[in-house]
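Okay, here's what each chain looks like letter by letter:
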Amino acid sequence: MEQHQMWREALAKIELDLSRPSFLMWFQETDIMHIENGVATVFVPNSFVREWLQNKYHKTILHALRGITSEIKDIAYVIGKPQGNTGTISASFGIKDALKRKRPFSAYGGDEETTPFKDLTVNPITNLNPRYTFATFVVGSFNELAHAAAQSIIKNPGLSYNPFFIYGGVGLGKTHLIQAIGNEVLANNPAVKIRYVPSERYMGEIVDALRNQEMQKLKEKYREVDVLIMDDIQFVARTEKMQEEFFHTFNTLYERNKQIIISSDRPPHAIATLEERLRSRFEGGMIADVGMPDFETRLLILKMKVDSKKINIPEEVLVYLADTIKTNIRELEGALNKVIVASKLSNAPLDAETARRSIAAHLAAPKKFISIKKIIKTVADFYEIEERDLVHRSRKHEVVKPRQIAMYLMREELKTSYPSIGDKFGGRDHTTAIHSCEKITRDLLTNSELEEEIRAIRERIFFDRSVA
């Protein structure tokens, strides 16, 4: 296979596992330079992207390329651009292709099949996607507090709830909600300056501004807006420089009564590396979580998607999907698309059995990926600590609680024996494992914050398939 085609196929696989902003941020203007002795050399546009791909997405890229050819053993990253017409790909090819085919992207990600395209392109000034509206946002018990707060913000930006901090697991509609706020505010007052930005893109802009000595220009860009919407703030917390810059931007906007909207996969207190001064500011406003939708809400979401596609699907199929996919709206919509496509390919009638066969592999996948290794890695990543500190006899204060949670999850999810749990954590006595599990069990009865953290960790364990 020609190497540039290979890279296109690899990107198509990678795109399925990432959010749209992350994919565009880190894989735009990348390509394979050459493959030699089992090493694929990949072009990247700058040093920041190189570092990020090496540290965060290396395994994802390697897995995607190995799925295409077994000759790839490793990847090297070099800064530069291919010379001449070598087929360099923009990672935004998915968007461009969708526009050419006149197919918009689904509100929760993915390429829809049938809805006519009506100039629903991302606003280049605000970065808002006009597809994210309250008209297509389903409200249920799992998100009603966040929705109510959003409606109040729309009426009085900067005055009702500021900052507004929304958190929850992957695929539950956080990005939809915060962008819908921006779109509604803009519709009410087109003169309002709004800027939506994923935190990873914001970090990239800071790096570029530092390199090009344009920090003042970047500061003005973000400090002159009326509404700032920052998605996935937990990434900013990874470096002091990023936190420092965002802290000053936050203060400037807050003092001017400008609305600040922030999303995260966890509450402020659970972002381990978040500086106290930022944490206190986040907690000084409105904090709302988005939980998992109930059956009635899941069924309503599916019915709305079917209506938007203008296709007929039997009620029994929608009921089956709503009853089967329980924790992730994005996966729910993905399952619906799988059923529709499978039915078209096989020319079989749409019924519950067709749906079951279509998503059978998907349903079986999570169990295969649950392991002691994954629990340890997920807990360590969630609290942003080193795995070695978690499993060895580290006495660091910040490790004690995550270690107890990891032990608790091993017992609850895998039924691991107490002696085995102790052995996995530096050869500790089984009584230590018993104490940890009992403590977490007791604390869950009275500590709602701990309950939220463990719920978020469980979601990662079951649905992040990058680690076996």
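Our subject is the structure listed above.
A brief report on the enclosed structure follows. Keep in mind that what you see is a predicted model, and the values were worked out from it rather than measured. (Residues numbered from 1 in each chain as written. Predicted model: local features only at pLDDT ≥ 70, side-chain atom pairs only at ≥ 80, totals over all residues. Heavy atoms only, no water.)

## A closer look at the sheet that holds strand β4 (residues 164-168)
Argument step 1. Spatially, five strands are ordered β5-β6-β7-β4-β8 in an open sheet, and the strand pairing comes out parallel. The sheet terminates laterally at β5 (194-198) and β8 (286-290), the two strands that pair on one side only. The average angle at which neighbouring strand axes cross in this sheet is 15°, direction not considered.
Argument step 2. Of the strand pairs in this sheet, β4 and strand β7 (residues 259-264) are connected by four bridges, and their pairing is parallel. Note on β7: the bridge partner recorded for F164 is I261.
Argument step 3. Where helix α5 (residues 144-155) meets the sheet, its contacts fall on β4, β7 and β8, and the angle it forms with β8 comes to roughly 135°.
Argument step 4. Docked against the sheet, helix α9 (residues 240-255) engages β6 (227-231) and β7, running at close to 140° with respect to β7. (Pairing = 2+ DSSP bridges. Helix = DSSP H or I, 4+ residues; strand = E, 2+ residues; numbered from the N terminus. Axes fitted to C-alpha atoms, helices over the stretch in contact; angles between N-to-C directions. Contact = heavy atoms within 4.5 Å.)

## Description of the environment of T175
Argument step 1. For T175, the location among the structural elements is in helix α6 (residues 174-188).
Argument step 2. Of the residues examined, T175 reaches a relative accessible area of 25% and is grouped as partly exposed.
Argument step 3. Distance from T175 to P198, taken between C-alpha atoms, is 9.5 Å for residues 23 residues apart in sequence.
Argument step 4. Every residue in contact with T175, bar those within four places of it in the chain, is listed here: Y132, Y196 and D231. (Buried < 20%, exposed > 50% of the residue type's maximum accessible area, 1.4 Å probe, protein only.)

## Some words on the nonpolar core
Argument step 1. By size, the foremost hydrophobic cluster in this structure holds 55 residues, and its most contacted members are F27, L53, I61, L65, I233, F246 and F282.
Argument step 2. Here this core takes eight residues from helix α3 (residues 47-66), the largest share from any one element.
Argument step 3. Core analysis: the next-biggest nonpolar cluster, separate from the first, contains 47 residues, A146, F164, V185 and L332 among them. (Core = buried A, V, L, I, M, F, W, Y, C linked by side-chain atoms within 4.5 Å.)

## Focus on the sheet that holds strand β1 (residues 31-36)
Argument step 1. Ordered by their spatial adjacency, three strands build an open sheet running β1-β2-β3, and the pairing between neighbours is mixed. Two strands in the sheet have a free side with no partner beyond their single neighbour: β1 and β3 (74-79). Here the strands of the sheet are splayed against their neighbours by 25° on average, with no regard to which way each runs.
Argument step 2. Inspection of the sheet shows strand β2 (residues 39-44) paired to β3 by six bridges, in the parallel sense. Residue pairing for β3: V42 is matched across the bridge by Y77.
Argument step 3. Across the sheet, helix α1 (residues 3-17) touches β1 and β2, and the angle it forms with β1 is around 120°.

## Observations concerning the packing of helix α18 (residues 397-414) against helix α20 (residues 430-446)
Argument step 1. Look at α18 against α20: their axes get within 8 Å of each other, and the N-to-C directions meet at 90°. Classed by the angle they form, the pair α18 and α20 counts as roughly perpendicular. Between α18, through Q404, I405, M407, Y408 and R411, and α20, the contact on the second element is made entirely by T432, A433, H435, S436, C437, K439, I440, T441 and L444.
Argument step 2. Of the residues belonging to the contact of α18 with α20, the class tally is seven nonpolar, five polar and two charged. (Parallel < 35°, antiparallel > 145°, perpendicular 65-115°, else oblique. Nonpolar A, V, L, I, M, F, W, Y, C, P; charged D, E, K, R; others polar.)

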